[in-house]
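Breakdown of the fold
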Amino acid sequence: MSEGGDALDDLLGSRKPRRDAGDALDEMIAATKSTRDAGAALDELISAAGARPHGTPPEDRSAVRRRWVMGLALAVGLLGFAGMITDAVSVTQLVGESNPKALALVFPLGGIGLVLMSILQSRFIDRYARKSVLVSLCFIYATIFAVMLVLFATSAPTQIPSAIGVILADQMNFMLPVLIWTLAGDVFTAGQAVTVYPVISRSLYIGNILGFGAAAAIGVVSDRTDFPPAWLLVIPPVFLVAVAAFVPRILHDVTLSEGHGKNESSKESMKQSLSLLKDLTAFKWMLGVSLSVMAAGAILEFGFFDVAKTTVESTGALQ
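Quick caveat, the model's predicted, so the values are computed rather than measured.

Some thoughts on the overall build of the protein chain
- Looking only at helices and strands, the protein chain features eleven helices and zero strands.
- Ordered by position in the sequence, the α and β elements of the protein chain form the string α-α-α-α-α-α-α-α-α-α-α.
- Taken across its 319 residues, the protein chain has 37% of its residues classed as buried.
- Partitioning the intrachain contacts of the protein chain with sequence separation of at least 6 by distance along the chain shows that 84% fall at a separation of at least 24.
- Summed over its atoms, the accessible surface of the protein chain is roughly 18300 Å², and 67% of this surface lies on carbon and sulfur atoms.

Points about the environment of proline 237
- Positionally, proline 237 belongs in helix α8 (residues 235-250).
- Proline 237 sits in the buried class, given a relative accessible area of 12%.
- For the pair formed by proline 237 and threonine 143, sequence separation is 94 residues and the distance between their alpha carbons is 7.6 Å.
- Among residues more than four places away in sequence, those in contact with proline 237 are Ala142 and Phe145.

A look at the nonpolar core
- Ranked by internal contacts, the top residues of the largest apolar core, which has 53 residues, are Leu134, Leu176, Leu240, Val243 and Leu251.
- Listing elements by their share of this core, those giving two or more residues are α3 (61-97), α4 (101-124), α5 (130-153), α6 (159-187), α7 (190-224) and α8.
- By residue number, the principal contributor to this core is α3, which donates 14 residues.
- Dropping the residues within four chain positions of it, leucine 240 is found in contact with Leu79, Cys138, Tyr141, Ala142, Phe145, Met172 and Leu176.
- If you look at the next biggest cluster of nonpolar residues, it comprises eleven residues, including Val91, Leu94, Leu103 and Ala308.

Some remarks on the packing of α6 against α7
- Contact geometry for α6 and α7: axes closest at 11 Å, N-to-C directions at 155 degrees. If you check the angle between α6 and α7, you find them roughly antiparallel. Classified by chirality, the crossing of α7 by α6 is right-handed. Contacts between α6 and α7 pair Trp181, Ala184, Gly185 and Val187 from the former with Gln192, Tyr197, Ile200 and Ser201 from the latter.

Details of the confidence of the model for the protein chain
- Of all residues in the protein chain, 73% have pLDDT values of 70 or greater, and the mean over the chain is 77.
- Confidence, read as mean pLDDT per element, is least for helix α1 (residues 2-12) in the protein chain (52) and greatest for α8 (92).
- In this model, residues 46-50 is a region of pLDDT below 50 whose contacts with residues beyond four sequence positions or in other chains number six contacts.

The rules behind each value
- Note on numbering: residues in each chain are counted from 1, in written sequence order.
- Reporting of local features is limited, given that this is a predicted model, to residues whose pLDDT is at least 70; pairs of side-chain atoms are given and counted only at 80 or more, and all residues count toward the totals for whole chains, interfaces and linings.
- As a rule here, side-chain values come from all non-hydrogen atoms in the structure, and water together with hydrogens is ignored.
- Only DSSP runs of H or I reaching four residues or more are called helices, and only runs of E reaching two or more are called strands; each is numbered from the N terminus.
- Think of it in three bands: with a 1.4 Å probe and only protein chains considered, a residue is buried below 20% of the maximum accessible area for its type, exposed above 50%, and partly exposed in between.
- Contacts are assigned to residue pairs with any non-hydrogen atoms lying within 4.5 Å of each other.
- Note on areas: Shrake-Rupley with a 1.4 Å probe; residue coverage comes only from the protein chains shown.
- The criterion is simple. A nonpolar core is a set of buried Ala, Val, Leu, Ile, Met, Phe, Trp, Tyr and Cys residues joined through side-chain atoms within 4.5 Å.
- Orientation is described by axes fitted as lines to C-alpha atoms, over the contacting stretch for helices, and by angles from 0 to 180 degrees between their N-to-C directions.
- Each angle is binned into one of four classes, with values under 35 degrees roughly parallel, values over 145 roughly antiparallel, values of 65 to 115 roughly perpendicular, and all other values oblique.
- In this scheme the handedness of a crossing depends on how the near helix is turned from the far one: anticlockwise by less than a right angle means left-handed, clockwise means right-handed.
- Per-residue confidence from the predictor is reported as pLDDT, which spans 0 to 100.

Laid out in structure tokens, this is it:
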């Protein structure tokens, strides 16, 4: 048997020493570490060719990138806070001063506004520098807020500035954060996005929660005093101007897209978007699910205010 076994060993080659579980685990850890090192090296290579601080030594780049992350996170958090306040105050003012049926008119107008802005942004967002587009939109929306506050302060019907506020809330909750995400896509590589994007997302949700909390607190105060809840809308234009002011300063040393400068028509932009939906099945499903969820949310909100209006009298309590 031993001779037969030796012959078999000669045929198969020398036996490998038996490994225990500890040795196997050590090899797995070493392989993981080398994979991470290779990924980090590739990420640094991509970063060196893309967004990087101008004239900054390599050892200082991580600190500069942290500044970029915190700056974009703060910007999207402020926009989330301002958007939720605008939505809460404007909708309750509109419903409180009229009835929930007004939402049936304003909600479609808000959707049309989103469609028009998405067409304009898809036409101009790659044509001009994205920082410039963000700054311009922030100042435009801040100006509209100023007009809206003047209407609240004068004898104009409350329904008019409230409807404007609902439409503006859609823009701030959907379109402006998209611009922040496109800026983040310019600044950070795919490897960095794994750690960067969760930070920005958390900041947006924290801003939303704080915005709802502030609206609820002011609603309680308004219900017990004579403070008009509409004056809470002074905060959003201040935050818009702040975002327009500090985002370019924070990103002053980053390589960003300056735009292709080509004159692309809205028709061409829509054609490209439709071809993208046609070619990518996943995008078709995402579009369908998104439309369904937004429609369901609008129906639930409309039903909630229809019931709440019959039981809550004051606008502050409704807010």
